[in-house]
Structure formats: C-alpha cells, structure tokens
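Results of the structural survey
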Amino acid sequence: MTATSATRTSHAYGSLPDPGILARTFAACLAVNVPLLALLLIPQLMRSRAGSEALLTVGLLLLLALVVGAVTLAPEVSAKVAPAGPDWLPGGARARVRALRREDRRTYLWRLGEFVALYVAAQGVGGIVAWLLPHVADNPAHVTDPTASAWVIDYPNFATQAVAMYVCICFALAWYATRLRAESVRSAARAQQGG
C-alpha cells in the first residue's frame, strides 16, 4: 500500500467537522431550502389521507427533486458561508466535489452515505413527532356523510412534524457539505506537500 492510498484510507472516516463551520452552513441551509419546507407543510402533497394517491405521487416526486437539488447545491452553500482555499469558493465547490468523486470515490461515497443515514434519521424524527403529536384522525362526520373526508388533519401537529423533519434534513445537508469542505482542504494540503 502506498503512502497516498494509506492516507486516503485513513481519511475515509475523517474527523468531526468544525462546529463553527457546521453551524454557519446549517444556518445557510435552513435559509436556502425554504421551498423544501413549503412542500413539507402541504398535507395534500405529503399524506394520501389528506389528498389522494395521485397528489401524494406528485408530492413525493417534488420532494425527490428538491432533496437532490439541495444535495447538489449544498457544497456551493458551504463555499458561500465558509470558503476555504482556492478550490472551495463560490462557483467552484461543485467542481471540487466532482474531482473528489474521480480522485477518491470511496471517501466521496462515505460522505454521501453519511448524508443518507442522517436523512433516514430525519424521517425517524418525523415518525417520533407524529407518534407524540398525532396529526391524522378519523372524521366522525364521514359516518353520516360519505362525501365528507374520512380523515381529519390536525394541521398544527402536522406542521410541527414537517418543521422537525426540515431542521433534520438541513442538518444532514450541512453535515454533508462541511465534510466535503474538509476533504477539499485535506486534498489541497496533500497536493502542497506532494509539490
């Protein structure tokens, strides 16, 4: 094993991100991903009991598009609030991520896996909030009036769940971007030592 491959392997797990940089990136992610929050706050698009299966499908496709877009833009958000070196600047961070995918795919996939794990945890947080604050109940009016909706949505509880999930998803995005920023800094340091 060469020294370079040993260094890459040792950095696959990496160190914890700088708390200040993580906090700035998290705050920026909360600000720029408001369309995701808006979607999560629409019960007709997020719950089949509030709308229909067709609307739920539309909502899930929009959610997928917004999350993929947020993952793609997260490095640029990080570069805007926490630039580092010549490669981690606004307008260049996504190119640096593409380079990382080519140079050290294993490390990149590890960082992406961390995001996915945190995203799944956000869904779990949403489930816990829904369990503590149920937002769907049987509609008693449906018994006497079949045209009435079978379900009643408690919107404050639904919104609480949506906000909790949004905060966790934004944290996952900030973690992902901050970890990629650290990889960019390490890569630049290795290039200087090699040069």
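Summarised in this report is the structure supplied together with it.

Parameters and conventions
- Residues numbered from 1 in each chain as written.
- Predicted model: local features only at pLDDT ≥ 70, side-chain atom pairs only at ≥ 80, totals over all residues.
- Heavy atoms only, no water.
- Helix = DSSP H or I, 4+ residues; strand = E, 2+ residues; numbered from the N terminus.
- Buried < 20%, exposed > 50% of the residue type's maximum accessible area, 1.4 Å probe, protein only.
- Contact = heavy atoms within 4.5 Å.
- Areas by Shrake-Rupley, 256 points an atom, 1.4 Å probe, with all protein chains shown as cover.
- Disulfide = S-S within 2.5 Å.
- Core = buried A, V, L, I, M, F, W, Y, C linked by side-chain atoms within 4.5 Å.
- Patch = residues over 30% accessible without salt bridge, like charges linked within 9 Å, V, L, I, M, F, W, Y side chains within 5 Å.
- Salt bridge = Lys/Arg side-chain N within 4 Å of Asp/Glu carboxyl O.
- Axes fitted to C-alpha atoms, helices over the stretch in contact; angles between N-to-C directions.
- Parallel < 35°, antiparallel > 145°, perpendicular 65-115°, else oblique.
- Left-handed = near helix turned anticlockwise from the far one by under 90°.
- Nonpolar A, V, L, I, M, F, W, Y, C, P; charged D, E, K, R; others polar.

The helix and strand tally for the chain stands at nine helices and two strands. The N-to-C order of helical and strand elements in the chain reads α-α-α-α-α-α-α-β-α-β-α. Residue burial in the chain is summarised as follows: out of 195 residues, 37% are buried. Taking the intrachain contacts of the chain between residues at least 6 apart in sequence as the baseline, contacts between residues at least 24 apart amount to 69%. Total accessible area computed for the chain in this model is approximately 10,400 Å², and 67% of it derives from carbon and sulfur atoms.

Moving on: the state of the cysteines. Applying the stated criterion across every chain yields a total of zero disulfides. We note that C168 lacks a disulfide partner, and the nearest cysteine sulfur, in C170, lies 9.5 Å from it. Owing to a relative accessible area of 24%, C168 belongs among the partly exposed residues under this scheme. Residue classification places C170 among the buried positions, given a relative accessible area of 0%.

Another point: the nonpolar core. In this structure, L40, L63, F115, L173 and Y176 are the most contacted members of the largest nonpolar core, which totals 37 residues. Broken down by secondary-structure element, the contributors of at least two residues to this core are α2 (19-32), α3 (34-40), α4 (43-46), α5 (53-81), α6 (93-103), α7 (105-132) and α9 (155-194). Every residue in contact with L63, bar those within four places of it in the chain, is listed here: L36, L39, L40, M46 and Y119.

It is worth spelling out a nonpolar patch on the surface at this point. On the surface, a cluster of nonpolar side chains totalling about 470 Å² of accessible area is made up of I128, W131, L132 and L133. Among the structural elements, L132 can be located in helix α7. You can call L132 exposed: its relative accessible area is 55%.

Our next topic: the packing of α2 against α5. Direction vectors running N to C along α2 and α5 enclose 125 degrees, while the axes themselves pass 9 Å from each other. When the axis of α2 is compared with that of α5, the two are oblique. Where α2 crosses over α5, the handedness of that crossing is right-handed. Here α2 contributes R24, T25, A28, C29 and V32 to the contact with α5, which in turn contributes V77, S78 and V81.

Our focus in this paragraph is the environment of G126. Structurally, G126 is set in helix α7. Other than its neighbours up to four places away in sequence, G126 contacts Q161 and M165.

Right, let's talk about the pattern of salt bridges for a bit. For side chains bearing opposite charge, pairing can occur when the charged atoms are close. Under the defined criterion, the tally for this structure stands at five salt bridges. Each member of the salt-bridge network shares a partner with another, and the members are R111, E114, R179, E183 and R186.

With their axes 13 Å apart at the nearest point, α5 and α7 run at an angle of 140 degrees to one another. Classified by the interaxial angle, the pair formed by α5 and α7 is oblique. Viewed along their axes, α5 and α7 form a crossing whose handedness is right-handed. On α7, the residues that touch L63, V67 and V71 of α5 are L112, F115 and Y119. The class makeup of the residues in the contact of α5 with α7 is six nonpolar, no polar and no charged.

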